[in-house]
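Here is how the chains run, residue by residue.
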Amino acid sequence: SCIPSWFWGPVVTLEDCLAAFFAADELKGDNMYSCERCKKLRNGVKYCKVLKLPEILCVHLKRFRHEVMYSFKVNSHVSFPLEGLGLRPFLSKESPSQITSYDLLSVICHHGTAGSGHYIAYCQNVINGQWYEFDDQYVTEVHETVVQNAEAYVLFYRKSSEEAVRERQKVVALANAKEPSLLQFYISREWLNKFNTFTEPGPITNHTFLCVHGGIPPNRYHYIDDLVVILPQNVWEYLYNRFGGGPAVNHLYICSICQVEIEAIAKRRKMEVDTFIKLNKAFQAEESPSVIYCISMQWFREWEGFVKGKDNEPPGPIDNSKIAVIKSGHVQLKQGADYGQISEETWNYLFTIYSGGPEIAMRQNIVQTDLDSPQGERKIEAETRAM
């Protein structure tokens, strides 16, 4: 009608905005593109297509415009559908996405100017289909027409599919049938949540609670009930035949291979940290060590995180590259470097396990000056060298 056009100006739809966003862009004049083949500037056309559609689509409308000297808010009304937003026209031919229709889930609105304002949100309860306004601590039930007339800033859409709804109803019916079965199966709770909320949950992925050997990692076994759901045989077979994936699991057991690996890692950690403490204690007791080795604190912190159990994976080779500098063909300690001082024995121990480098050592040369002087003054020089 003419009333909305008079009140808001020309009607702009969300579909118009999407069409403008995905419209082909001519590259010519000052905007020509550089051809990789002929290495020359050429006229062209740039296309933008969607390769894979998300389960939750977030659309951010550019309500604020910033110029060199000022900013202002764009108050144009953009109409948007509550149901059936179709994205098929913007989909790439190579896209694997089958479902392209979306229903509105939530809207964020901004009231005010570019300099200040207030945010509210409208969200739908997916259980009863009712819309609610969220304004700070106040929550109010509203009619869907209020949502449709809102000045949208950010919109959230969710994929919609009648087939997905029927799939869930079918699974519920099979579970309620309580068909006697000799086997029960375990399925990932994470994947089952996807099945209950996503239109395209993808293949069953039970590796979220299994190790690479097919058992339960020892560190997950004590909370395995939080990771799995027990299904009767008929429900499992229906889901497996429909979505594939797996693997099938009807017995939960602690993986003995992982247990051995964990014990070996624990033993290694204890050995390395005990040996380091022993060697470092002897190093601290030396009053005047003849040579001091330098080690990057960045690498040392990674090693410390591993031996203390904070990190699961051991660090890579010793990396002293950030604390080293080459002068006159020799590797020396960089001024202001973040490094630690360790003994030669400690360096050799860590190097035997992790290798790496470069080796940086500070050797003290004691030069006797003026032997006949009553003061017997000695000059101590510290130098670095590549070992």
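The structure under discussion appears in the preceding block.
Residues numbered from 1 in each chain as written. Predicted model: local features only at pLDDT ≥ 70, side-chain atom pairs only at ≥ 80, totals over all residues. Heavy atoms only, no water.

(A) Looking closely at the side chain of Glu272. As for its position among the elements, Glu272 is in helix H7 (residues 256–285). The exposure class assigned to Glu272 is buried, which follows from its relative accessible area of 2%. There is a polar contact of 2.7 Å between the side chain of Glu272 and the side chain of Arg268. Once residues lying within four places of it in the same chain are set aside, the contact partners of Glu272 are Trp303, Phe306, Val307, Tyr349, Ile353 and Tyr354. (Helix = DSSP H or I, 4+ residues; strand = E, 2+ residues; numbered from the N terminus. Buried < 20%, exposed > 50% of the residue type's maximum accessible area, 1.4 Å probe, protein only. Polar contact = N/O pair within 3.5 Å; in protein donor to acceptor, adjacent residues only side chain to side chain. Contact = heavy atoms within 4.5 Å.)

(B) A look at the layout of surface pockets. Empty space within the largest pocket amounts to approximately 610 Å³. Along the walls of the largest pocket sit 23 residues, with Asp103, Gln124, Val126, Arg158 and Ser160 positioned nearest its centre. Mapped onto the lining of the largest pocket, the elements with two or more residues apiece are strand E11 (101–112), strand E15 (152–159), helix H4 (162–177) and helix H5 (189–197). Broken down by element, the residue count for the lining of the largest pocket peaks at four residues, all from H4. A breakdown of the residues in the lining of the largest pocket according to their chemical character gives eight nonpolar, eight polar and seven charged. For the second largest pocket, the calculated volume is near 500 Å³. (1 Å grid on protein atoms, 1.4 Å probe; cavity = no way out; pocket = protein on both sides within 12 Å on 5 of 7 lines; lining within 4 Å. Points joined across faces, edges and corners; volume = space filled by probe spheres on them. Nonpolar A, V, L, I, M, F, W, Y, C, P; charged D, E, K, R; others polar.)

(C) How the structure looks around the pattern of salt bridges. Enumeration according to the criterion identifies ten salt bridges in this entry. Linking Glu67 and Arg65 is a salt bridge whose minimum nitrogen-to-oxygen distance equals 2.8 Å. What makes Glu67 partly exposed here is its relative accessible area of 32%. Since its relative accessible area comes to 47%, Arg65 is described here as partly exposed. Where Glu304 meets Lys308, a salt bridge forms, and the shortest distance between an N and an O atom there is 3.0 Å. Judged by relative accessible area, which is 28%, Glu304 ranks as partly exposed. Look at Lys308 and you get exposed, because its relative accessible area is 52%. Several salt bridges converge on common partners, so that one network encompasses Glu163, Glu167 and Arg242. (Salt bridge = Lys/Arg side-chain N within 4 Å of Asp/Glu carboxyl O.)

(D) Spatial organisation of the packing of aromatic side chains. If you walk through the whole model with that rule in mind, you get 16 aromatic pairs. Considering the side-chain rings of Phe195 and Phe243, the 5.7 Å spacing of their centres and the 80 degrees angle between planes classify their relative orientation as edge-to-face. Of this pair, Phe195 sits in helix H5 while Phe243 is found in helix H6 (residues 233–243), placing the two residues 48 residues apart along the sequence. Summarising the burial analysis for this pair, Phe195 and Phe243 share the class buried. Ring centres of Trp347 and Phe351 lie 6.0 Å apart, and the angle between their planes is 20 degrees; this geometry places the pair in the stacked category. (Phe/Tyr/Trp six-rings, centres within 6.5 Å; stacked < 30°, edge-to-face > 60°.)

(E) Examining H6 more closely. The set of residues buried in H6 consists of Asn234, Val235, Trp236, Leu239 and Phe243. On its buried face, H6 sits against H4, strand E16 (184–188), H5, strand E17 (204–205), strand E18 (228–232) and strand E19 (245–246). The first or second residue beyond H6 is Gly244, which carries a positive phi of 70 degrees.

(F) Representation of the environment of Leu53 within the structure. With respect to the element layout, Leu53 can be found in the loop between strand E5 (44–46) and strand E6 (56–60). When the C-alpha positions of Leu53 and Ser97 are compared, they lie 6.1 Å apart, and in sequence the two are 44 residues distant. Apart from residues lying up to four places away in sequence, Leu53 is in contact with Leu87, Leu91, Ser97, Ile99, Thr100, Tyr102 and Lys159.

(G) Up close: the pairing of strand E14 (residues 138–142). One ladder, built from five bridges, connects strand E13 (residues 131–135) with E14; its direction is antiparallel. Within E14, the position partnered with Trp131 by the bridge is Val142. Counted between consecutive antiparallel strands, the loop separating E13 from E14 contains two residues, among which Asp136 sits at a positive phi close to 55 degrees. (Pairing = 2+ DSSP bridges.)

(H) Main features of the nonpolar core. Counting residues in each nonpolar core, the largest one holds 28 residues, and the members touching the most others are Leu14, Phe80, Leu104, Val147, Leu155 and Tyr157. Elements that contribute at least two residues to this core include exactly helix H2 (14–21), E6, E11, strand E12 (117–124) and E15. Examining the composition of this core, we find that four residues originate from one element, E11, more than from any other. Leave out the neighbours within four places in its chain, and Tyr157 touches Leu14, Glu55, Ile56, Leu57, Phe80, Pro81, Leu85, Tyr102, Asp103, Leu104 and Leu105. (Core = buried A, V, L, I, M, F, W, Y, C linked by side-chain atoms within 4.5 Å.)

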